[in-house]
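Chain by chain, the residues:
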Amino acid sequence: MRRKLIAVFMLIVFIMIITSKVMPLETAKDLKDYYIKYFIIDTAAFNSVTAIYLNYRVFDTLFETLLLLISVIGIIYFSRHEGDY
Amino acid sequence: MKDYSQLLQKTIGFLYPFIIIFGLYIIINGHKTPGGGFQGGAILASGFIINYLVTSQKTLNLKVLTRLEKLLYLSIIVFVVICVLYINASLSVKAKEIYLVIMNIFIGIKVCCGLSVVFFRFILFESR
């Protein structure tokens, strides 16, 4: 039951990500200058690396955290010992 | 480590609160100074490792850490999708700062839990 709830939840999140507004690809040129000029105004971050990994390229952060979770899952799955002392 | 050296316990135990404060400082000030969630989370995980070296009883509840990590991952997804993809234009400057701080805290705790689970699985189970 809990797995079905989690699957439905992930499906809803996936649909929400797909149906969000995106800019057309032609307007995204000279991104390096855009990031340097506007990162304090768009995001309230004084650290440009934080502005990029938490606002402009936040999908990378999502998949990075997923990768950490998957590595923990893999270690627990492939060990030959159960989880008790 | 059958017999615990008092020297190691005393000196590392003295450093223990400083490391935790340093890790929390790097996590919370991630939007102004270099650092952020991932780096501060690794520093906090070293606090768990120090805790293993210092105390003589070696029990740690790994189920709580894995459950906390899964819960944090789900809340990170929801928070990001709502705050960045949908209502990013209508947030004030203060709200954007609060978003950055909360995201850094979530990521920091998640990385800390993940790394300490990896460390303890290898130490407690694979070394037999």
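Residues numbered from 1 in each chain as written. Chains lettered and ligands numbered in written order. Predicted model: local features only at pLDDT ≥ 70, side-chain atom pairs only at ≥ 80, totals over all residues. Heavy atoms only, no water.

Student: Could you give an account of the nonpolar core, naming the residues involved and the relevant values?
Tutor: Counting 21 residues, the largest nonpolar core has L54 of chain A together with I76, I77, V80, Y99, M103 and I107 of chain B as its most contacted members. Counting only elements with at least two residues in this core, the list comes to α3 (48-56) and α4 (58-78) of chain A together with α3 (62-86) and α4 (93-125) of chain B. Among the elements that line this core, the one with the most residues is α3 of chain B, at 7 residues. Apart from residues no more than four positions distant in its own chain, Y99 of chain B is found in contact with L54 and V58 of chain A together with F79, V80, C83 and V84 of chain B. Judged by nonpolar contacts, the second largest core, of 9 residues, contains L62, L65, V117 and L124 of chain B. (Core = buried A, V, L, I, M, F, W, Y, C linked by side-chain atoms within 4.5 Å. Buried < 20%, exposed > 50% of the residue type's maximum accessible area, 1.4 Å probe, protein only. Helix = DSSP H or I, 4+ residues; strand = E, 2+ residues; numbered from the N terminus. Contact = heavy atoms within 4.5 Å.)

Student: Can you break down the interface of chain A and chain B residue by residue, with the values?
Tutor: Counting residues at the interface gives 37 residues for chain A, matched by 45 residues for chain B. Between chain A and chain B, a total of about 3600 Å² is buried, with carbon and sulfur atoms accounting for 70% of that surface. Applying the counting rule to chain A against chain B returns 13 residue pairs in polar contact (both at pLDDT 80 or more). Residue assignment for the side of chain A that touches chain B shows that the elements contributing at least two residues are α1 (2-18), α2 (31-42), α3 and α4 of chain A. In terms of residues, the side of chain A that touches chain B owes the most to one element, α4 of chain A, which gives 12 residues. Partitioning the side of chain A that touches chain B into residue classes produces 21 nonpolar, 11 polar and 5 charged. (Buried area = accessible area lost by both parts, 1.4 Å probe. Polar contact = N/O pair within 3.5 Å; in protein donor to acceptor, adjacent residues only side chain to side chain. Nonpolar A, V, L, I, M, F, W, Y, C, P; charged D, E, K, R; others polar.)

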